[in-house]
Amino acid sequence: MSEKKIKTSSGIEIKEVYTETKSIELPGEFPFTRGIQKDMYRGRMWTMRQYAGFSTAAESNKRYHYLLSQGTTGLSVAFDLPTQIGYDSDHMMSEGEVGKVGVAIDSLKDMEILFEGIDLQKVTSSMTINATAPILLAMYICLAKKQGADLKQISGTIQNDILKEYAARGTYIYPPKASMRLITDVFEYCSAELPKWNTISISGYHIREAGSTAVQELAFTLANGKAYLKAAMQKGLDINVFAKRLSFFFNCHNNFFEEIAKFRAARRMWAKLTQSLGATDPAAQKLRFHTQTGGSTLTAQQPLNNVIRVSNQAMAAVLGGTQSLHTNGYDEALSLPTEAAAKVALRTQQIIAFESGVTDTVDPLAGSYFVEALTDEVEAAAWKYIDIIDSKGGSVAAIEEGYIQNEIAASAYQYQTEIESGESILVGVNKYVDEEGIKPEGFRVDDSIRKVQIDKLISLRAARDASAVETALLALTDAVKQGLNTMPYIISAVEVYATLGEIADTFRKEFGEY
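Here we summarise the structure given alongside this text. (Residues numbered from 1 in each chain as written. Predicted model: local features only at pLDDT ≥ 70, side-chain atom pairs only at ≥ 80, totals over all residues. Heavy atoms only, no water.)

Moving on: a nonpolar patch on the surface. Residues Ile425, Val427 and Tyr432 make up a contiguous nonpolar surface patch of roughly 310 Å² in combined accessible area. Considering the arrangement of structural elements, one finds Ile425 in the loop between α16 (403-421) and α17 (449-463). (Patch = residues over 30% accessible without salt bridge, like charges linked within 9 Å, V, L, I, M, F, W, Y side chains within 5 Å. Areas by Shrake-Rupley, 256 points an atom, 1.4 Å probe, with all protein chains shown as cover. Salt bridge = Lys/Arg side-chain N within 4 Å of Asp/Glu carboxyl O. Helix = DSSP H or I, 4+ residues; strand = E, 2+ residues; numbered from the N terminus.)

Our next topic: the packing of aromatic side chains. Tallying each qualifying case throughout the model produces 21 aromatic pairs. On the numbers, 6.3 Å between centres and 25° between planes, the contact of Tyr64 with Phe115 is stacked. Of this pair, Tyr64 sits in helix α1 (residues 57-69) while Phe115 sits in the loop between α3 (108-114) and β3 (125-128); the two residues are 51 residues apart in sequence, bridging distant segments of the chain. Owing to a relative accessible area of 1%, Phe115 belongs among the buried residues under this scheme. Taken together through their ring pairs, the aromatic side chains of Phe248, Phe250, Phe263, Trp270 and Phe289 make up a single cluster. If you follow Lys392 out to its NZ or CZ, it ends over the ring of Tyr403, 5.0 Å from the centre. (Phe/Tyr/Trp six-rings, centres within 6.5 Å; stacked < 30°, edge-to-face > 60°. Buried < 20%, exposed > 50% of the residue type's maximum accessible area, 1.4 Å probe, protein only. Lys NZ or Arg CZ within 6 Å of the ring centre and 35° of its normal.)

Moving on to the packing of helix α10 (residues 256-276) against helix α12 (residues 305-319). Packing of α10 against α12 brings their axes to within 8 Å, and their N-to-C directions diverge by 30°. By the angle class used here, α10 and α12 are roughly parallel. The two elements α10 and α12 meet at a crossing, and its hand is right-handed. Residues Phe256, Glu259, Ile260 and Phe263 of α10 form the contact with α12, whose own contacting residues are Asn312, Met315, Ala316, Ala317 and Leu319. Partitioning the contact of α10 with α12 into residue classes produces 7 nonpolar, 1 polar and 1 charged. (Axes fitted to C-alpha atoms, helices over the stretch in contact; angles between N-to-C directions. Parallel < 35°, antiparallel > 145°, perpendicular 65-115°, else oblique. Left-handed = near helix turned anticlockwise from the far one by under 90°. Contact = heavy atoms within 4.5 Å. Nonpolar A, V, L, I, M, F, W, Y, C, P; charged D, E, K, R; others polar.)

It is worth spelling out the sheet that holds strand β8 (residues 289-293) at this point. The strand order across the open sheet formed by 9 strands is β5-β4-β3-β2-β1-β9-β8-β7-β6, and the pairing between neighbours is parallel. The outermost strands of the open sheet, each flanked by one partner alone, are β5 (197-198) and β6 (200-203). Strand direction decides the pairing type here: β3 and strand β4 (residues 156-158), joined by 3 bridges, are parallel. Its bridge partner lying in β4, Ser125 is registered against Gly156. (Pairing = 2+ DSSP bridges.)

The next point concerns the pattern of salt bridges. Close approach of charged atoms allows side chains of opposite charge to pair. Applying the stated criterion across every chain, the model contains 30 salt bridges. Bridged by salt links that share partners, the residues Asp88, Asp90, Arg461, Arg464 and Glu502 form one connected network.

Let us look at the packing of helix α6 (residues 176-193) against helix α8 (residues 214-234). α8 packs onto α6 with a crossing angle of 70° between their chain directions and a minimal axis gap of 10 Å. Classed by the angle they form, the pair α6 and α8 counts as roughly perpendicular. For the pair formed by α6 and α8, the contact residues are Met180, Ile183, Thr184 and Phe187 on the first element and Ala227, Tyr228, Ala231 and Ala232 on the second. Residue composition of the contact of α6 with α8, by class: 7 nonpolar, 1 polar and no charged.

Right, here's the structure in full:
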């Protein structure tokens, strides 16, 4: 009787023992498998960037000040659903969702409150926003100007990755080609005006949360990245300039070695991919990425077990060479994270950074027979997917056909059947079940938040110059029709306190909805 085969979450078979490796690469050198810097964390620790945003801008601002006081080194903004899909808080579609999964931002006024007391030139900010990314970036730029900041020194990231929204997450507004135009407008504008800003965070995180395997997450993310490269080059942008400001956002799940192999393979693949499209500057070939521990791996049952899951995932991300990391709160399967859970999550990163010793040398698992072989296998499996997507005409065509969505759905279904059958063990869920599990206090946002936001909108509209708003929105409409870069016109509208919904509606009228 043969032994049962052991496989990774992507179906890669694990051998009993590994006995050889061909690794002779050095960190900081093409193809960057071992890291994008020669000294990695010996020279600079990863950014500890805790994701936060809820309720009103004022409430979120309090949490940001708390996180900064506890040692967070970068802010990461979560926006509520209406903000993500271009509706003001008083829109009928916003009912029941204002301030729930993130902070409500209706205008520059909210952005001013959100970052009150925070110097934008001294902190890096990441904003998880896609369809309305140009509008939120415009608000950030206007606030930086009001603070007297040098825009050439402002650094941070907007997610701005619409392709994964069509494939996995769903917060798109406009048709794919119109959305790609807005993204390349941001690339072009920031190349000239905000040279330190990361203009896109190409996200595998949400692809993984939707149920993909590690290999699918890697392949679909890099395929989307390739589509963005080509779109920007078609607009006449220089890959050696704009590719330096592209960043990535990956998930980290529980299979420790597969996740490390995924990160190492990602760097190698992106280096080859950018080189094949003409990138000659090493800085344009380097894959820089943020990692968040796996939200979908957290369990509502025995929630304190999530502390161990998050620690395991965070360690894998660090050993995989991440540039930035968010660790989830142990209570996030039940509610928004409480302040106590957010502190434990941050302390997890700090303990790994300053007590574990894993940062003392670069890529400490390099040369491991297993890790090197698994890196090769993950890469080979991911290239197969990319070849299929290329044969369909690239990511946009593959998404329009439904190929990527169907592959993710099939993997999600297989994983769920394995959990339900007991083939895959989930501690506290289908094995070692404890009926008397500890249930921590949840954190809920009250529905009254919507009234607060509506009252602010009424005051804003009464106080602003209505004719200036109308003029700015008409200018934006003309820019869209004439094929001009929309970013300067969005900024002009934001400066006179046009609302997010008004600007998004201007695009809706010209582009239509998808």
